[in-house]
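Geometric and topological summary
Spelled out from the first residue to the last, the chains are:
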Amino acid sequence: MVEPRISTQWFIRAQVLAMAGEAKKAAAALAVVSTEEKNRALREMGAALRRSAALLREENARDVAVAREKGLSEAMIDRLTLKEGTIEAMAAGCEEVAALDDPVGRVTSMWRRPNGLLVGRMRIPLGVIGIIYESRPNVTADAAALCLKSGNAVILRGGSEAFHSNLAITRILQNVLRKTGIPEAAIQIIPLTDREAVHEMLQLEEWIDLIIPRGGEELIRAVVDRSKIPVIRHYKGVCHIFVDDTADLDMAVKVCLNAKVQRPGVCNAMETLLVHRDVAGRFLPVMAEQYRRAGVVLKGCETARAILTDIEAATEEDWHREYLDLIL
């Protein structure tokens, strides 16, 4: 009698391996697709996303409902939600990538050896790229567009919280590939929420040429630890703003408020504010009042707490933490 877990692992391994094989074949074909063909497909992807906005919002609503049931923070739900503006940004992003210069085939340098031989460097596609990411379904369209333009097939694996949204976006993009004659397998998404799929993906060094994880430090370290494939990585997303003593303080208040409050759940939101001590007495009380109105919890060093006596004391861990929330 076969153990159920073993059977499940076999199924996942077989499905991921099959996708990688199809991606490898698609990458070989995509490498010689003309710039005009890629750009036409990218522009059509943008149009298709706009036409499918109602479907995308419907599928996304399923993900958001589950996220609320699970008690995800409002910042995380904000990252997950496909608003009208988010869908338009995805569509416009495809068109912006189409307008970029094609990197494939570009000769970046050329020189002649003493024996007369010309030697040069030419940009070529990597092959198959695996991208592992969390929460934000718009990454699906962004990553697919960039990989297509650069001649690389891509296997996407989004977070389970955006499962229905990511599948819907990928199907729309694949339909465009089919219509424009580009191999559909050039853009694929793993249609499984089991984490075992990621583990299997990371073992396929003969099929996948590069892994790019996009998300929190825990995700990235897990990918690096398990991958047999080269990984482009970063660990921290702790963004700082420094307000100098020469700064326009009225402008600084607006910048710092926006940087923390507009979308606290994204990786480029500010997590730490540094202020020159010569302007701290004037700047911090005004800034703190703006943050209080926006519901931001403030933590500070001893010098900052001497000015803002009601804020929490920052611990050593706070200086390294990516909150992704209304905490500064």
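These notes cover the structure that comes with them. Bear in mind the structure is a predicted one, so any value in this text is a computation, not a measurement. (Residues numbered from 1 in each chain as written. Predicted model: local features only at pLDDT ≥ 70, side-chain atom pairs only at ≥ 80, totals over all residues. Heavy atoms only, no water.)

**Some details on the overall build of the protein**
Summing up its helical and strand segments, the protein has 12 helices and 10 strands in all. Each principal axis of the C-alpha distribution contributes one length, and for the protein these read about 70 × 65 × 40 Å. Counting across all 328 residues of the protein, residues that qualify as buried make up 44%. Considering only contacts in the protein between residues 6 or more positions apart, those separated by 24 or more positions represent 72%. Counting every atom, the protein has about 17,200 Å² of accessible surface; 54% of that belongs to carbon and sulfur. (Helix = DSSP H or I, 4+ residues; strand = E, 2+ residues; numbered from the N terminus. Buried < 20%, exposed > 50% of the residue type's maximum accessible area, 1.4 Å probe, protein only. Contact = heavy atoms within 4.5 Å. Areas by Shrake-Rupley, 256 points an atom, 1.4 Å probe, with all protein chains shown as cover.)

**Looking at the environment of Ala280**
Position of Ala280 among the secondary structure elements: in helix H11 (residues 277–293). On the basis of relative accessible area, Ala280 is assigned to the buried category, the value being 7%. Remark: the alpha-carbon pair of Ala280 and Ile307, spanning 27 residues in sequence, is separated by 8.0 Å. Ignoring sequence-local partners within four residues, the contact set of Ala280 consists of Val275, Pro285 and Ile307.

**A short note on empty space enclosed by the protein**
Over the atoms rolls a probe the size of a water molecule, and its path tells where empty space is left. Taken as a whole, this structure holds 1 cavity of 30 Å³ or more when the rule is applied. Counted as a void, the largest cavity has a volume near 70 Å³. Partitioned by chemical class, the residues of the lining of the largest cavity number 6 nonpolar, 5 polar and 1 charged. (1 Å grid on protein atoms, 1.4 Å probe; cavity = no way out; pocket = protein on both sides within 12 Å on 5 of 7 lines; lining within 4 Å. Points joined across faces, edges and corners; volume = space filled by probe spheres on them. Nonpolar A, V, L, I, M, F, W, Y, C, P; charged D, E, K, R; others polar.)

**Details of the sheet that holds strand S5 (residues 187–189)**
One open sheet holds the 4 strands; their spatial order is S5-S4-S3-S6, and the pairing between them is parallel. Of all the strands in the sheet, just S5 and strand S6 (210–214) have a single pairing partner and so form its edges. Strand-to-strand twist in this sheet, taken as the mean axis angle between neighbours without regard to direction, amounts to 20 degrees. Both strand S3 (residues 128–133) and S6 contribute to a ladder of 5 bridges, which runs parallel. Bridged to Ile132 within S6 is Pro213. (Pairing = 2+ DSSP bridges. Axes fitted to C-alpha atoms, helices over the stretch in contact; angles between N-to-C directions.)

**Some thoughts on the side chain of Arg157**
Following the sequence through the fold, Arg157 ends up in strand S4 (residues 153–157). Of the buried charged residues, Arg157 lacks a salt bridge, with Asp194 as the closest side chain of opposite charge at 6.4 Å. Among the polar contacts listed, one links the side chain of Arg157 to the backbone oxygen of Thr193, at a separation of 2.9 Å. Leave out the neighbours within four places in its chain, and Arg157 touches Ile131, Ile132, Tyr133, Ile190, Leu192, Thr193, Asp194, Arg195, Val198 and Met201. (Lys, Arg positive; Asp, Glu negative; His and termini not counted. Salt bridge = Lys/Arg side-chain N within 4 Å of Asp/Glu carboxyl O. Polar contact = N/O pair within 3.5 Å; in protein donor to acceptor, adjacent residues only side chain to side chain.)

**Description of helix H7 (residues 163–180)**
Under the 1.5 Å per step criterion, the end-to-end length of H7 is 26 Å for 18 residues, consistent within 8% with the ideal 26 Å. Looking only at H7, the buried set comprises Ser165, Asn166, Leu167, Ala168, Ile169, Thr170, Ile172, Leu173, Gln174, Val176, Leu177 and Thr180. Just downstream of H7 lies Gly181, where phi reads positive at about 85 degrees. (Expected span 1.5 Å × (residues − 1).)

**Quick look at the pairing of strand S2 (residues 118–122)**
Relative to S2, strand S1 (residues 107–112) is paired through 5 bridges, and the arrangement is antiparallel. From the neighbouring strand, Val107 faces S2, where its bridge partner is Met122.

**A closer look at the pattern of salt bridges**
Between side chains of opposite charge, pairing is possible as soon as their charged atoms come close. Scanning the entire structure with this criterion turns up 20 salt bridges. Among the salt bridges present, the one from Arg321 reaches Asp318, with a minimum N-O distance of 3.5 Å. A residue is classified by how much of its surface remains accessible, and Asp318, at 5% relative accessible area, is buried. Each of Glu289, Arg292, Arg293 and Asp310 takes part in one network of salt bridges that share partners.

**Notes on the nonpolar core**
Counting residues in each nonpolar core, the largest one holds 42 residues, and the members touching the most others are Met45, Leu49 and Leu56. Ignoring any residue separated from it by four or fewer positions in sequence, one finds Met45 in contact with Cys94, Leu148, Leu173, Val176, Leu177 and Ile187. (Core = buried A, V, L, I, M, F, W, Y, C linked by side-chain atoms within 4.5 Å.)

Distances and angles like these do not, on their own, reveal function.
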